[in-house]
Amino acid sequence: MARKSLLGWVKILALAGALALVTNAASAQYQYCVEHGDLVAHLSEKFQEKQFAFGLIGHMAIMEVFVAETGTWTIIVTDVAGRSCIVAAGEHWENVVIPADHDA
């Protein structure tokens, strides 16, 4: 069951990464792009979300996941110029614990 959840999560992250690349290419048309510090402050103040995880998207961007104790979550992508765009957001975040002997 944990493996199935992990594979689902990997697929979601891959989709978010693909969306992020498209979003960065069209950031002028994307209405949820602002300076990184401004977006992080907004997520903290309005939703009490804090950074939970991050990962690099090649050499061009970083993807971050912000989560609140209430279960809300937001995925943002920040380009090398420091411009961040929201690519996904939702509710009911759940952490999945992967057993130490689990093969990926």
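Definitions and limits used
Residues numbered from 1 in each chain as written. Predicted model: local features only at pLDDT ≥ 70, side-chain atom pairs only at ≥ 80, totals over all residues. Heavy atoms only, no water. Core = buried A, V, L, I, M, F, W, Y, C linked by side-chain atoms within 4.5 Å. Buried < 20%, exposed > 50% of the residue type's maximum accessible area, 1.4 Å probe, protein only. Helix = DSSP H or I, 4+ residues; strand = E, 2+ residues; numbered from the N terminus.

Asks: With reference to specific residues and values, describe the nonpolar core.
Replies: If you look at the biggest cluster of nonpolar residues, it comprises ten residues: Ile57, Ala61, Met63, Val65, Val67, Trp73, Ile75, Val77, Val87 and Trp93. Secondary-structure elements contributing two or more residues to this core are strand 3 (61–67) and strand 4 (73–79). Counting residues per element, this core draws most heavily on strand 3, at four residues. In this structure, Leu43, Phe66, Ile76 and Ile86 belong to the second largest nonpolar core, which totals five residues.

Asks: I'd like a description of unusual backbone geometry, backed by residues and values.
Replies: The phi angle at Gln48 is positive, at roughly 55°, despite the residue not being glycine. The topology assignment puts Gln48 in the loop between helix 2 (36–47) and strand 2 (50–57). Assessed through its relative accessible area of 49%, Gln48 is described here as partly exposed. Of note in this structure, His92 is not a glycine but carries a positive phi near 65°. Tracing the backbone shows His92 in the segment after strand 5 (83–90). You can call His92 exposed: its relative accessible area is 66%.

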